Amino acid sequence: MVAALEFGAAEDVGLAAVEVRERLIGFVDGIVSELQLPRQRQNAGLYVRGLIEQGARKSLQPTLFRLEETPARYESMQQFLADSPWDPALVVRRCAERVVPELGVEAWVLDDTGFPKAGKRSPGVKRQYSGTLGKIGNCQIGVSVHAVGKYGTAPLGWALYLPEDWCEDPERRTKAKIPESVVFKTKPELGVELVERAASWGLPPAPVLGDQAYGDNTALRERFHDGESEYVLSVGAVTKVFAPETVFDVPARSGERGRPKSRPKPDREPETIKDLIARVADTQSRTVAFRDGPGGEPVSSWFVFVRVRAANNHEKATPWPPREEWLIAEWALGEPEPTDYWISNLPVDTEPERLARLARLRWKIELDYKQLKGELGLDHYEGRSWIGWHHHTALVTVAHGFLTLERLDPKAPRPA
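On a predicted model such as this, the values are computed, not experimentally measured, just so you know. (Residues numbered from 1 in each chain as written. Predicted model: local features only at pLDDT ≥ 70, side-chain atom pairs only at ≥ 80, totals over all residues. Heavy atoms only, no water.)

**Q** Is there a simple way to think about the environment of W201 in this case?
**A** If you trace the backbone, W201 turns up in the loop between α8 (187-199) and β5 (208-210). Spatially, the C-alpha atom of W201 lies 9.4 Å from that of R94, the residues being 107 residues apart in sequence. Sequence-distant contacts of W201, defined by excluding residues within four places in its chain, comprise A89, V92, R93, A96, E97 and L156. A polar atom in the side chain of W201 sits 3.3 Å from the backbone oxygen of R197. (Helix = DSSP H or I, 4+ residues; strand = E, 2+ residues; numbered from the N terminus. Contact = heavy atoms within 4.5 Å. Polar contact = N/O pair within 3.5 Å; in protein donor to acceptor, adjacent residues only side chain to side chain.)

This is the structure in structure tokens:
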């Protein structure tokens, strides 16, 4: 990661800092070139510079104070964030198209993160569980998708989760400037839409990774598969599947009358993946290296790989019989049972090493959030505007993209 930078007048900083500032200007100008108004482009550049500069708090007022901007610029910037009708998704797209090809992308990671808040007026805020807090707290929840590669990461989209009670409260919606078109959607629904939008940008395709909140959602998995998106998603131990040896046959018609049966019937009941893995681990397990450790030494663990058919709501499930998928379990040495389970629609001939690496790759998203929040102020936005939150996250994405390219090649030209 690249730490926040410090700019100033040319006479107060070294030549290197001046060069960094010039590269930043070129990068941001290229990303925001499609914003219609010159003032919008100026404000975008200033805001990104403020996010990158050294400073504990990256909310608007202290940021502009550090940049020694006038009160008039504060009013202009506030309008630019909270009300100006520019498309944040376009900015994220331009940034992704510039940064992602440099990363050696291996996967896209779907996740959500909490934004602790005081009060009740920030859009989407309520007492709800946040993985960031590790408990129920007053917060907003943002859903995001990120490209994860050998050389870094890049956000591909952001969506603010709006709980049902917010959707049904016209007064709060009006105050938070939430568009009428915004309706209640679950986090998995928001996540699928972000992935589908990014997939339409022509970026290098990659399997989608996600935690159990997304992997246990049958509709999400089917939508990904129908959209030809590969995935490796965490699932819970009680998820039921049909074992590899299950045979599906159409039962013979009973008697001479009655409609012939057309729905194949399994010759056994589904079982939990915990029970299945325990039953087949002795014959189906192997030690697999899933990443390189310090000094390039491989890091290995004990994995089980089985071809199964998911049995969610199997009495009414479609398609039927369910398609085959990979069930992956990590059973670390010395542990009494597996520590993690995943389900994947990658091809049947996928190498175990790739399956294991993808299953364990999602942790990189925590590094992304660490920089986005700790250095770039992702969770510092104090406005109470729906579009303002999305504008802020888009510009944080631009700042993150610039720092990523600086780490990879500081001397490369920055126009998009």
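**Q** Sorry, what's going on with the pattern of salt bridges here?
**A** Oppositely charged side chains can form a pair if their charged atoms are brought close together. Across all of its chains, the model carries 22 salt bridges by this definition. A salt bridge links R223 to E196, with the nearest nitrogen and oxygen atoms 2.8 Å apart. Taken together, the positions of R223 in helix α10 (residues 218-226) and E196 in helix α8 put the pair 27 residues apart, joining distant regions of the chain. A residue is classified by how much of its surface remains accessible, and R223, at 36% relative accessible area, is partly exposed. Two residues, R279 and E245, come together in a salt bridge whose shortest N-O distance is 3.2 Å. Of this pair, R279 sits in helix α11 (residues 273-284) while E245 sits in the loop between β7 (240-242) and β8 (248-249); the two residues are 34 residues apart in sequence, bridging distant segments of the chain. Connected through salt bridges with shared partners, the residues E245, D267, R268, E271 and R279 form a single ionic network. (Salt bridge = Lys/Arg side-chain N within 4 Å of Asp/Glu carboxyl O. Buried < 20%, exposed > 50% of the residue type's maximum accessible area, 1.4 Å probe, protein only.)

**Q** Even after reading the chapter, I still don't get the side chain of E325, so can you show me in this structure?
**A** The topology assignment puts E325 in strand β13 (residues 324-330). Among the polar contacts made by the side chain of E325, one reaches the side chain of R323 at a distance of 3.2 Å. With sequence-adjacent residues up to four places away left out, E325 is seen in contact with R221, Y231, V306, R307, V308, A310, I343, S344 and N345.

**Q** It is not clear to me how the packing of aromatic side chains should be interpreted in this structure. Could you clarify?
**A** Two aromatic rings are characterised by how far apart their centres lie and by the angle between their planes. Across all of its chains, the model carries 10 aromatic pairs by this definition. Relative to F248, the ring of F242 lies with its centre 5.3 Å away and its plane at 80°, an arrangement referred to as edge-to-face. Judged on exposure class, the residue F242 and its partner F248 are both buried. Taking 6.1 Å as the distance between ring centres and 75° as the angle between the ring planes, the aromatic pair formed by F290 and F303 counts as edge-to-face. Here F303 lies in strand β12 (residues 298-310) and F290 lies in strand β11 (residues 285-292), a separation of 13 residues in the sequence. Like F290, the residue F303 is buried in the burial classification. A network of ring pairs unites the aromatic residues F242, F248 and W320 as a single cluster. Over the aromatic face of F115 sits the side chain of K373, whose NZ or CZ is 5.3 Å from the ring centroid. The side chain of K373 reaches across the aromatic face of Y369, ending 6.0 Å from its centre. (Phe/Tyr/Trp six-rings, centres within 6.5 Å; stacked < 30°, edge-to-face > 60°. Lys NZ or Arg CZ within 6 Å of the ring centre and 35° of its normal.)

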